[in-house]
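# Structural overview for review
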Amino acid sequence: GKGYAVKEGLQYKDANYYIYTDWDFPFGLEIVKETYDTLKNNDVDVIVGTRTLNYFKKLPFFRKCLSIGLRCLSFLLFRFKNIDTQAGLKGFNNKARLQFLMTKTNSFIFEFEFIKRALKKKLKIFYLKVYLRDDITFSNFNAITLKNELTNLIKIYFRK
C-alpha cells in the first residue's frame, strides 16, 4: 500500500526534509516547493496539507461523505482537532521521520498513525492549505478497501 511505499523510500534516503504527495500531484507542483520552504524557514517538524471547502465541493457525493466521515472519526477517536489526515500532502524533518518509520500501517490510512505519533511526541505541526487542480478526476473505493481501511483505523486506535 501507499504507507508501505512511502516508508520503504524513507528507509533508504537521508536528507534534511522529506515531502510526499499523491502520484497525480492533485495540488500542483508549487505546493511541494511551498512545503519545502516552510520546513526550511520555520521551526516546524511536520507539514500537514489541509483541504479547503472548495476541495470538498469538487468531490463526488460518495467521496465527500467518506472524507467528512473520516474527519469526524479522527476527532471522535483520536481527538484530532481540525487535522486533515487524508489530504495527500505531508512534509517533515528528520525528527518526524523517525516517528514515521515507526508506524506499522501500510495502507491508505497510515497517516492517522503518523499524526497520532507526531502529536504524542509533541512535534510541531504546521497546517498548509492545499487547493485542488481543476483537471483532477476522482476514483471511488470499493467495499473491500473500505472494510480494510476501517479495520486498520481500529488497529491504529488501540496501538500505543
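Starting from 1, residues in each chain are numbered consecutively following that chain's sequence as written. A pLDDT threshold of at least 70 governs which residues receive local features in this predicted model, and a stricter bar of 80 or more applies before side-chain atom pairs are shown or counted, although totals over entire chains, interfaces and linings include all residues. With hydrogens and water set aside, each side-chain value is computed from the structure's full complement of heavy atoms.

## Structural notes on the pattern of salt bridges
Quick reminder of the rule: A carboxyl oxygen of Asp or Glu within 4 Å of a side-chain nitrogen of Lys or Arg is what we treat as a salt bridge. Helix and strand labels come from DSSP, where a helix needs a run of H or I of at least four residues and a strand needs a run of E of at least two; each type is numbered from the N terminus. Exposure categories follow from relative accessible area, calculated using a 1.4 Å probe and restricted to protein chains: below 20% of the type maximum is buried, above 50% is exposed, and the middle band is partly exposed.
Taken as a whole and assessed by the stated rule, the structure comprises 9 salt bridges. Between D84 and R51 there is a salt bridge, and its shortest N-O distance comes to 2.7 Å. Linking D84 in the loop between helix 4 (61–78) and strand 3 (89–93) with R51 in strand 2 (residues 46–51), this pair joins segments that are 33 residues apart in sequence. Given a relative accessible area of 0%, D84 falls into the buried group. With a relative accessible area of 7%, R51 lands in the buried category.

## Description of the packing of aromatic side chains
Rule in force here: Stacked, edge-to-face and tilted labels apply to pairs of Phe, Tyr and Trp rings (six-membered ring for Trp) whose centres lie within 6.5 Å, assigned for plane angles under 30 degrees, over 60, and everything in between, in that order.
Within this structure, the stated rule accounts for 18 aromatic pairs. Plain terms: the ring middles of F27 and Y55 are 6.3 Å apart, the flat faces sit at 45° to each other, and that makes the pair tilted. Within this pair, whereas F27 is found in the loop between strand 1 (17–21) and helix 2 (30–41), its partner Y55 is found in helix 3 (residues 53–58), the two being separated by 28 residues in sequence. Taken individually, F27 and Y55 each receive the classification buried, so the pair is uniform in this respect. When the ring of F92 is compared with that of F100, the centres are 5.2 Å apart and the planes differ by 20°; the resulting orientation is stacked. Given the relative accessible area of 0%, F92 is considered buried. Overall, F100 belongs to the buried group, its relative accessible area being 0%. Following the ring pairs from residue to residue traces out a cluster consisting of Y18, Y20, F92, F100, F110 and F114.

## What to know about a nonpolar patch on the surface
Selection rule: Only residues above 30% relative accessible area that lack a salt bridge enter a patch, with like-charged residues linked at up to 9 Å and the nonpolar side chains Val, Leu, Ile, Met, Phe, Trp and Tyr linked at up to 5 Å. Each accessible area value is a Shrake-Rupley result obtained with a 1.4 Å probe; residue values ignore everything except the protein chains displayed when judging cover.
Taken together, F75, L76, L77, L150, I154, Y157 and F158 make up a surface patch of nonpolar side chains, about 680 Å² in accessible area. Where the nonpolar patch is concerned, the elements lending two or more residues are helix 4 and helix 7 (143–158). Counting residues per element, the nonpolar patch draws most heavily on helix 7, at 4 residues. Relative accessible area serves as the criterion here: at 30%, L77 is assigned to the partly exposed category.

## Remarks on the environment of P60
Position of P60 among the secondary structure elements: in the loop between helix 3 and helix 4. Look at P60 and you get partly exposed, because its relative accessible area is 32%. Taking the C-alpha atoms as reference points, P60 and Y131, separated by 71 residues in sequence, lie 16 Å from one another.

## Topic: the sheet that holds strand 3
Here is the rule we go by: Here the rule is simple: two strands pair whenever DSSP picks up at least two bridges between them. Helix axes are fitted only over the stretch in contact, all axes being lines through C-alpha atoms; the angle between N-to-C directions runs from 0 to 180 degrees.
Read across the sheet, 4 strands follow the order 1-3-2-4 without closing on themselves; strand pairing throughout is mixed. Here the strands that pair on one side only, and so sit at the sheet edges, are strand 1 and strand 4 (125–130). Within the sheet, the average angular offset between the axes of one strand and its neighbour, ignoring direction, is 20°. As paired elements, strand 1 and strand 3 share 5 bridges and run antiparallel to each other.

## Topic: the side chain of S67
Condition: Whether two residues touch is decided by their heavy atoms; if any such pair falls within 4.5 Å, the residues are in contact.
Along the chain, the position of S67 falls in helix 4. Residue contacts for S67: discarding those within four places in its chain leaves R51, F56 and L59.

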